[in-house]
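Below, each chain spelled out in residue letters.
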Amino acid sequence: MALLEVSDISVQFGGIRALDDLSFTLEEGQILGLIGPNGAGKTTLFNVVSRIYDPTAGSVTFDGKDLLAMSAHQISRVGVYRTFQNLALWPGMTVIENVMVGDHTNTKSNVISAALRLPSMRSEEKDLRNRAWAALEEIGLEEVAFHPAAGLPFGTLKRIELARALIANPRLIMLDEPASGLTHAEVDSLAQDIKGLRDRHNLTVLLVEHHMKMVLGISEKLVVLNFGRKIADGDPDVVRNDPEVIEAYLGSS
Amino acid sequence: MSSPLVVVAKGGAEHKRWQYVQYLYLASFVLLVPVVLQPFEIGKMNRALVLSVAILAVNLVVGFNGMLALGHSAFMGVGAFVTASLVQDENWDFWMALPVVVMVGFVLGILVGLPALRVKGLYLALITIAQATVFPTLVNIDELGIAKRTGGPNGKGVSEEVIAPSYFEWLPGVDGARGGSAYRYWCIILILGITLLLVTNYIRSRPGRAVLAIRDNEAGAAVYGVNLPVVKTVNFAISAGLGSLAGLMWCLDKGFVAGQDFTFLLAVDLIIGLVIGGVGTLQGSLLGGLFVVWVNDLTKRITIPLGLYTLNGDGPLAKAIFGLILILFTFFAPGGIVSLAKSVQNKLIKVVPIRPDGTPAEDVDSFDPGMESDRAQSAMKLAILGPVLLTIGWLLMNVNNLIVGCVAFGLRFSILVTAPVAMLVGSNELKALLAGRRPESIKAQASMARLLGGLGFLFVLLYGLWLFKTQYSSR
Amino acid sequence: MTWNFDILPDFVFNGLSLGAIYGTVALSLVLIFKATTLINFATGELAMIGAFMVYVLHMEQGLWLWLSILIAMIISAGLGALIERTLTRPFDPADHLPVVLITLGLFLIFNALAGDIWNYQVRILSNPFGKFPSWVPGLGGDRFVMVLGSRLKYQSIGIWVTLALALFLLGLILNRTKMGLAFRAVSSNVESARLVGVHTGRTLGFGWALASAFGTLGAVLVAPQLGGVNPNMMATILIYALAGAALGGLDSMGGAVMGGVLIGLIQAVLVMWLGVVVMGQAYMSILQLAAAFVLILIVLLFRPSGLFGSRRVERV
């Protein structure tokens, strides 16, 4: 059975159909590239899966569980994490604190144990800090660990988001344009990083990216959207030669 | 000075020494208040500290959670009336009333917060303003026995015997009289200290970080598992409980509670204290309370004749001055006093965090006696500057002018920032001198001055201790 | 329990005229909210200053009442635009705190200045609608007319007519003038409005000006009900207006007026009538006070964006 099943999802904003009967599946361990021109509905899909938007119709199941029955903060409990296209970091905290909040779901200390600094809270805090450090090391961000998240370059912030998603041992990670703001060399190493992370952490990756070379390089499956509709789905080498896909990207001639 | 004078590792010996000096100054300040000041002045200090707790409560919601709660005067009022009623009418012990009062505030916070926090933006501001406006009239209602409990428009007095438990009589400044202002001061300091400790722990931990995350980016927080309505509501309820606690302290301080004390204007005072102290900082709440009381006191003494019209601070215009200060701070110092102080402190000392493997995250550059001479010069200047600023601050305090007064306030508190660093420099110099390894690279004059500077601060401290000793032993 | 319907119309009339005033002030709040997505907490105090201007012009300088009101409205409008230009425009409206602080500061300053200049005593201001004018056949000089067996005050009629006229005028301004059109464009989408060449800054100032003028009108109309003008006159009115605006939805002008009227009706009919007649005097004051507060809470629980407000989709 597929890990993530999106079936017949439609999203309507006023008169605009942002997603129209979208269905696809994502197998465990796969890297799926979701591509399409601007405004095709890629980020909308992310927002549906992470329960920020309510779809007008359809269903989303993850590992057999109905995601649409959960609210936004419960999604992380089943192991679904994401990054944001325009960043959703917390600039008032340091980088390492940002990453520590990343594992909010799997940590336990509450207001009382925190206020009294009970031993359970202190050991959890120490462990959390160590794991956050390890996640930062893995992404290569030790240097900025104690900086405030505000005021760092865009590319660094994107990587902080990656580290923040990684600390929680996610099963599915949704990356929203991770390569935006990076140089060509950085994009290449990011592609390798994503593959490496997937192998080391047994991740399943749903990737939205405009950088075609990178998407085609690492995706094992492609889903192409245009105006909220799926126009192609399958092996990258097949999909890239699909006439409808070429037309969507190049315009009809 | 672009790079900080001193870079120390967090938790290292030098960082600790620096912190101890800070604590020492703070402790001497806390100890001297009930001994040196007149009872009347202690009363004002008490009021300031009570406001500090209330401002801390507002800060939890506004500063740390980014929600606009503008009606904490009502929570204070509830706390004050519940305290008065329990202690005076039901003969409860004062300390027994405390947890009940906090719980009442907490539950009220949930009742108000649950609907108001569901929606974003200004609706919470709207509800809390309504709550603050309604409260003073609510206590005057004759029905349901409310006015009988609260004393209605006449207010409710609490006798000194019941408000003040008897086991603090040995503390400095307390001359045996239960309920005297020095006595109340110690009760207030005790509650304030514990509250500050608990709140600091709360904010700097998992639940506190979730609160901050909501302030900084709600969508991000939700995706990472923060239950927005629950965290917001619990935080708001804690804040309401603290506001209620501040009401209990108010009752302890004044021994009298009345509805007209807890109007919207009190809520605005809290906001002003918050902004001037520093939104979203723990120290700011403390300073804000002091500032509000002190400016209130200062404006009362100001009269400026402007031809036909005389600007008289002892009247309605005091509020206008507050309004003006609020606008000026919003425009020119949105971080409040704390951010101003921090920008000074950042030039003096930098505390480097420690990596999990135990090494500092950046190079530590402490002021070994080997530090090069231009930095030694800077340290010297700093060491001399501190006491000078303090003295000027004391002198300016007596000038009846708002702006000069504000500068004086800043100068007096500047010692809290400059003194510990200068003391650290001085003590290191002393150690090197005693060990006989004072290197030649430092100009003799510079190290001499640093010693003198250190001694200057010691003098301030010893003078205070001497005052303390003479006053205490004369009783 | 007796269900005495005979005096119900009394309360309805009363509630409708109170509600109209709340609606006016709520409209003032909403105009500013629509323009700049912020709540002007100094709205009440600005309106109070406007009422005092009328007091000075009419009672002290002897100007014709309606001329005084017009002048006061124009001066308040200027004051509102000035505040917008100098104090609120430098801040990002998405960050609520600074602007709320600014308006709170203004609230303190205006209240204190008025208190310093005019004391906190109530000063009588002529009622623009005290008695029916002599040209009304059969009623000239009377204070009320009997309708459905109840007294319908001339004051209530006057308030309704004035508000209706003002709303009509507002509609004309917003729909027929270039400035009004620009205002509507800016309030629906600042960025697009700027892109098509609307001078957004000037338009926001215009919104503040309209709002301040409306506030002043509300304050003048409410003064007779409070026995006159005084620096604290708008405190409770503002609360009811805020409740009205929340009820109607902060971004809906029609909703604001309807919300204000509803609040007035609820206050008068449900609370007074139910409280006095049905449940007995004892619970009246507590009901009346709590009504606005509880109502906002209920509205937020069940319809967070108000009865007529629009839900906004947020981009992430």
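Residues numbered from 1 in each chain as written. Chains lettered and ligands numbered in written order. Predicted model: local features only at pLDDT ≥ 70, side-chain atom pairs only at ≥ 80, totals over all residues.

## A closer look at the overall build of chain A
In step 1: Broken down by element type, chain A carries 9 helices and 10 strands.
In step 2: Taken over C-alpha atoms, the radius of gyration comes to 19 Å for chain A, in line with the 18 Å a tight globule of 253 residues would show.
In step 3: On the principal axes, the C-alpha backbone points of chain A span a range of 65 × 40 × 35 Å.
In step 4: Taken over 253 residues, chain A has a buried fraction of 45%. (Helix = DSSP H or I, 4+ residues; strand = E, 2+ residues; numbered from the N terminus. Rg over C-alpha atoms; globule rule 2.2 N^0.38 Å. Buried ≥ 20, exposed ≤ 12 C-beta atoms within 10 Å, placed from the backbone.)

## With respect to the overall build of chain C
In step 1: Scanning chain C from terminus to terminus reveals 11 helices and 2 strands.
In step 2: Across chain C, helices and strands are ordered from the amino to the carboxyl terminus as α-α-α-α-β-β-α-α-α-α-α-α-α.
In step 3: The burial tally for chain C puts 49% of its 316 residues in the buried class.
In step 4: In chain C, once contacts between residues fewer than 6 apart in sequence are set aside, the share between residues at least 24 apart is 74%. (Contact = placed C-beta atoms within 7 Å.)

## Quick word on the sheet that holds strand E4 (residues 57-62) of chain A
Residues and elements named next belong to chain A.
In step 1: Strand order in this open sheet of 4 strands is E2-E1-E4-E5, and the pairing throughout is antiparallel. Looking at strand neighbours, the two that pair on one side only are strand E2 (16-26) and strand E5 (65-66), the edges of this open sheet.
In step 2: One ladder, built from 7 bridges, connects strand E1 (residues 4-13) with E2; its direction is antiparallel. Bridge pairing links Leu4 to Leu26 in E2.
In step 3: Along the sheet, helix H1 (residues 42-49) contacts E1, E2 and E4; its crossing angle with E2, the most-contacted strand, is approximately 70°. (Pairing = 2+ DSSP bridges. Axes fitted to C-alpha atoms, helices over the stretch in contact; angles between N-to-C directions.)

## Things to note about the pairing of strand E9 (residues 221-226) of chain A
All names here are of chain A.
In step 1: Examined bridge by bridge, strand E3 (residues 31-35) and E9 share 4 bridges and lie parallel to one another. Its bridge partner lying in E9, Leu32 is registered against Lys221.
In step 2: Taking the residues between adjacent antiparallel strands as the criterion, E9 and strand E10 (residues 229-234) are bridged by 2 residues, where Phe227 takes a positive phi near 50°.

## Re the nonpolar core
In step 1: If you look at the biggest cluster of nonpolar residues, it comprises 309 residues, and the most contacted ones within it are B:Leu126, C:Leu29, C:Ala51, C:Leu242, C:Ala243 and C:Ile296.
In step 2: The element contributing the most residues to this core is helix H2 (residues 39-65) of chain B, with 16 residues.
In step 3: Once you skip the residues sitting within four places of it in the chain, C:Leu29 turns out to touch C:Ile39, C:Asn40, C:Thr43, C:Ala241, C:Leu242, C:Ala245 and C:Ala256.
In step 4: Core analysis: the next-biggest nonpolar cluster, separate from the first, contains 11 residues, B:Leu5, B:Val8, B:Trp18 and B:Leu424 among them. (Core = buried A, V, L, I, M, F, W, Y, C linked by C-beta atoms within 7 Å.)

## Structural notes on the interface of chain B and chain C
When the parts of a complex come together, some accessible area is lost, and that lost area is often taken as the interface size.
In step 1: The partner chain C presents 37 residues to the 36 residues of chain B that form the contact.
In step 2: Looking at the side of chain B that touches chain C, the elements that each hand over two or more residues are helix H4 (94-116), helix H5 (123-138), helix H12 (264-277) and helix H14 (317-332) of chain B.
In step 3: Counting residues per element, the side of chain B that touches chain C draws most heavily on H5(B), which supplies 11 residues.
In step 4: Along the lines of polarity and charge, the residues of the side of chain B that touches chain C split into 26 nonpolar, 7 polar and 3 charged. (Nonpolar A, V, L, I, M, F, W, Y, C, P; charged D, E, K, R; others polar.)

## Concerning the environment of C:Leu262
In step 1: With respect to the secondary-structure elements, C:Leu262 resides in helix H10 (residues 253-279).
In step 2: Sequence-wise, C:Leu262 and C:Ala243 are 19 residues apart; in three dimensions their C-alpha atoms are separated by 9.9 Å.

## Considering the pairing of E3(A)
All names here are of chain A.
In step 1: Within E3, 5 of the 5 residues are buried, which leaves it mostly tucked inside the rest of the structure.
In step 2: Across 4 bridges, E3 lies against strand E8 (residues 204-208) in parallel orientation. Paired with Leu32 across the two strands is Leu206, which belongs to E8.

## A look at the environment of B:Leu70
All names here are of chain B.
In step 1: Counting through the fold element by element, Leu70 comes out in the loop between H2 and helix H3 (72-89).
In step 2: Distance in space between the C-alpha atoms of Leu70 and Val338 is 21 Å, their sequence separation being 268 residues.
In step 3: For Leu70, the contacting residues outside a window of four places in its chain are Ala125, Thr128, Ile129, Ala132, Ala267 and Ile271.

## What to know about the sheet that holds strand E7 (residues 172-176) of chain A
Residues and elements named next belong to chain A.
In step 1: The mixed open sheet is built from 6 strands, whose spatial order is E6-E7-E8-E3-E9-E10. In the strand order of this sheet, the two ends are held by strand E6 (80-82) and E10, each with one partner. With strand direction ignored, the average angle separating the axes of adjacent strands in the sheet is 15°.
In step 2: In the sheet, E7 pairs with E8 via 5 bridges, with the strands oriented parallel.

## Here's the deal with the environment of B:Leu56
All names here are of chain B.
In step 1: Relative to the helices and strands, Leu56 resides in helix H2.
In step 2: Since 30 C-beta atoms lie within 10 Å of it, Leu56 is described here as buried.
In step 3: Measuring from C-alpha to C-alpha, the distance between Leu56 and Val199 comes to 8.7 Å, with 143 residues separating the pair along the chain.
In step 4: Ignoring any residue separated from it by four or fewer positions in sequence, one finds Leu56 in contact with Val199, Leu242 and Ser285.

## Some remarks on the domain arrangement of chain A
All names here are of chain A.
In step 1: Domain boundaries assigned for chain A yield domain 1 (1-79 + 170-253) and domain 2 (89-167).
In step 2: Relative to domain 2, the C-alpha centre of domain 1 lies at a distance of 27 Å.
In step 3: In this complex, domain 1 contributes 10 residues to the contact, which on the side of domain 2 involves 7 residues.
In step 4: Considered class by class, the residues forming the side of domain 1 that touches domain 2 number 5 nonpolar, 3 polar and 2 charged. (Domains from an automatic or database assignment.)

## Some remarks on the packing of H2(B) against helix H13 (residues 282-300) of chain B
All names here are of chain B.
In step 1: Taken N-terminus to C-terminus, the directions of H2 and H13 make an angle of 135°; their axes are 7 Å apart at the nearest point. Considered as vectors, H2 and H13 are oriented oblique to each other. Here the hand of the crossing between H2 and H13 comes out right-handed. Here H2 contributes Lys44, Arg47, Ala48, Leu49, Leu51, Ser52, Ile55, Leu56 and Asn59 to the contact with H13, which in turn contributes Ser285, Leu286, Gly288, Gly289, Leu290, Val292, Val293 and Asp297.
In step 2: Classifying every residue of the contact of H2 with H13 by side-chain character gives 9 nonpolar, 5 polar and 3 charged. (Parallel < 35°, antiparallel > 145°, perpendicular 65-115°, else oblique. Left-handed = near helix turned anticlockwise from the far one by under 90°.)

## What about unusual backbone geometry?
Glycine aside, residues mostly have negative phi, and peptide bonds are mostly found in the trans state.
Residue and element names in this part refer to chain A.
In step 1: In this structure, Arg51 is a non-glycine residue whose phi angle is positive, near 65°.
In step 2: Within the secondary structure layout, Arg51 lies in the loop between H1 and E4.
In step 3: Arg51 sits in the buried class, given 21 other C-beta atoms within 10 Å.
In step 4: The backbone of Asn202 sits at a positive phi, close to 50°, despite the residue not being glycine.
In step 5: When you line up the elements, Asn202 lands in the loop between helix H6 (184-201) and E8.

## What to know about the confidence of the model for chain A
In step 1: Residues with a pLDDT of 70 or more make up 98% of chain A, whose mean pLDDT is 89.
In step 2: Across chain A, element-level confidence peaks in helix H2 (residues 95-101) of chain A with a mean pLDDT of 95 and bottoms out in helix H9 (residues 243-250) of chain A with 78. (pLDDT = per-residue confidence, 0-100.)

## A word on H12(B)
Residues and elements named next belong to chain B.
In step 1: In this model, H12 (14 residues) spans 20 Å end to end at C-alpha, consistent with the 20 Å of a helix rising 1.5 Å per residue.
In step 2: Most of H12 sits inside the fold, with 13 of its 14 residues counted as buried.
In step 3: Two residues or fewer past H12, Gly278 is found with a positive phi of approximately 140°. (Expected span 1.5 Å × (residues − 1).)

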